[in-house]
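Next come the chains, spelled out residue by residue.
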Amino acid sequence: MSASYFDEYSDRLASHLAQACVSASFLGSGILSSGDIDGKWNELAPDYFGDAVKEFNSYPEFTLACAGYLGIAVAHKWDEDWTAGSRSSYSDYQDARGFDYMDEFIMEGIVKADAEGRKRLDDAMKLCSSCALSYLRHEAVEPQSVTAYKLVLATMAVMFRIGAAVELYRLGYRMEKVSFS
């Protein structure tokens, strides 16, 4: 498979998840993003993949959701204090309990959202990870193949972007048309 196949898959999946999030009021009109946040994924992804790939077959929705939670955490740090947040390493997004509790650590130790905010973020990640897994399975590639592996990695990257977008939206960022007249 060519690189363009994986790019097209990522674009289709991102559009699908954005549409689901807009319908559920987790996003406004589309995926909010920042070059800083996207760049942080490139830095964190190798370590994240090392943890997530080992768990994917047993806990696929959880591993996809954790990529989204990582996006939430990075977006939160971007909004709060990017000078400090930009220096965070992968290990800063989990506590001594490790990968299996990353979602809880991010919500309690980094985002510190109130009960309503936490429920909305949790609901968004459950919706997105379920939709992403279904979308991935409908790609109909050979299980355990190189293509399947690359699709899982691409899906995790999209989940990171969606998690970041959902958090930016929750924090009040919006895409609005601006007129400079």
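Description of the structure in this document.

The rules behind each value
- Residues numbered from 1 in each chain as written.
- Predicted model: local features only at pLDDT ≥ 70, side-chain atom pairs only at ≥ 80, totals over all residues.
- Heavy atoms only, no water.
- Helix = DSSP H or I, 4+ residues; strand = E, 2+ residues; numbered from the N terminus.
- Rg over C-alpha atoms; globule rule 2.2 N^0.38 Å.
- Buried < 20%, exposed > 50% of the residue type's maximum accessible area, 1.4 Å probe, protein only.
- Contact = heavy atoms within 4.5 Å.
- Areas by Shrake-Rupley, 256 points an atom, 1.4 Å probe, with all protein chains shown as cover.
- Lys, Arg positive; Asp, Glu negative; His and termini not counted.
- Charge placed at Lys NZ, Arg CZ, Asp CG, Glu CD.
- Expected span 1.5 Å × (residues − 1).
- Disulfide = S-S within 2.5 Å.
- Salt bridge = Lys/Arg side-chain N within 4 Å of Asp/Glu carboxyl O.

When helices and strands are tallied, the protein shows six helices and zero strands. Walking the protein from its N terminus toward its C terminus, one meets helices and strands in the order α-α-α-α-α-α. Compactness check: the protein gives a C-alpha radius of gyration of 16 Å against a globular reference of 16 Å for 181 residues, within 12% of the reference. The principal-axis extent of the C-alpha atoms belonging to the protein is close to 50 × 45 × 30 Å. Put simply, the protein has 181 residues, and 50% of those count as buried. Considering only contacts within the protein whose residues lie at least 6 apart along the sequence, 77% involve residues at least 24 apart. As displayed, the protein offers around 9,200 Å² of accessible surface, 49% of which is attributable to carbon and sulfur atoms. When the 17 positive and 27 negative side-chain charges of the protein are each reduced to one mean point, those points stand 2 Å apart.

The periodicity of an α-helix, 3.6 residues per turn, causes residues three or four places apart in sequence to face the same way. In this model, helix H6 (residues 146-170) (25 residues) spans 36 Å end to end at C-alpha, consistent with the 36 Å of a helix rising 1.5 Å per residue. Counting buried positions along H6 yields 19 of 25 residues, so the element is predominantly enclosed. With its phi angle positive at about 105°, glycine 172 sits one or two positions after the end of H6.

Turning our attention to the state of the cysteines. Taken as a whole and assessed by the stated rule, the structure comprises zero disulfides. Cysteine 66 forms no disulfide, and the closest cysteine sulfur to it belongs to cysteine 128, at a distance of 14 Å. The exposure class assigned to cysteine 66 is buried, which follows from its relative accessible area of 0%. Counting only cysteine sulfurs, cysteine 21 is the nearest neighbor of cysteine 128, a cysteine outside any disulfide, at a range of 3.2 Å.

Another aspect to go through is the side chain of serine 129. As for its placement among the helices and strands, serine 129 is situated in helix H5 (residues 115-137). Overall, serine 129 belongs to the buried group, its relative accessible area being 2%. Those residues in contact with serine 129 that lie beyond four places of it in its chain are Glu61, Leu64, Ala65 and Met159.

Okay, the pattern of salt bridges next. A complete count under the given rule lists nine salt bridges for this structure. Residue aspartate 123 is joined to lysine 119 by a salt bridge in which the shortest nitrogen-to-oxygen separation is 2.8 Å. In this pair, aspartate 123 and lysine 119 are both assigned in helix H5, four residues apart and thus about one turn of the helix distant. Of the charged contacts, one joins arginine 170 and glutamate 167 as a salt bridge, the two residues approaching to 2.7 Å between their closest N and O atoms. Taken as a pair, arginine 170 and glutamate 167 lie in helix H6 at a separation of three residues, close to a single helical turn. What you see here is one network of salt bridges that share partners, running through Glu8, Arg12 and Glu139.

Even without being a glycine, alanine 140 presents a positive backbone phi close to 55°. Mapped onto the fold, alanine 140 is located in the loop between H5 and H6. Of note in this structure, glutamine 144 is not a glycine but carries a positive phi near 65°. Tracing the backbone shows glutamine 144 in the loop between H5 and H6. Under the relative-accessibility criterion, glutamine 144 is labelled exposed at 68%.

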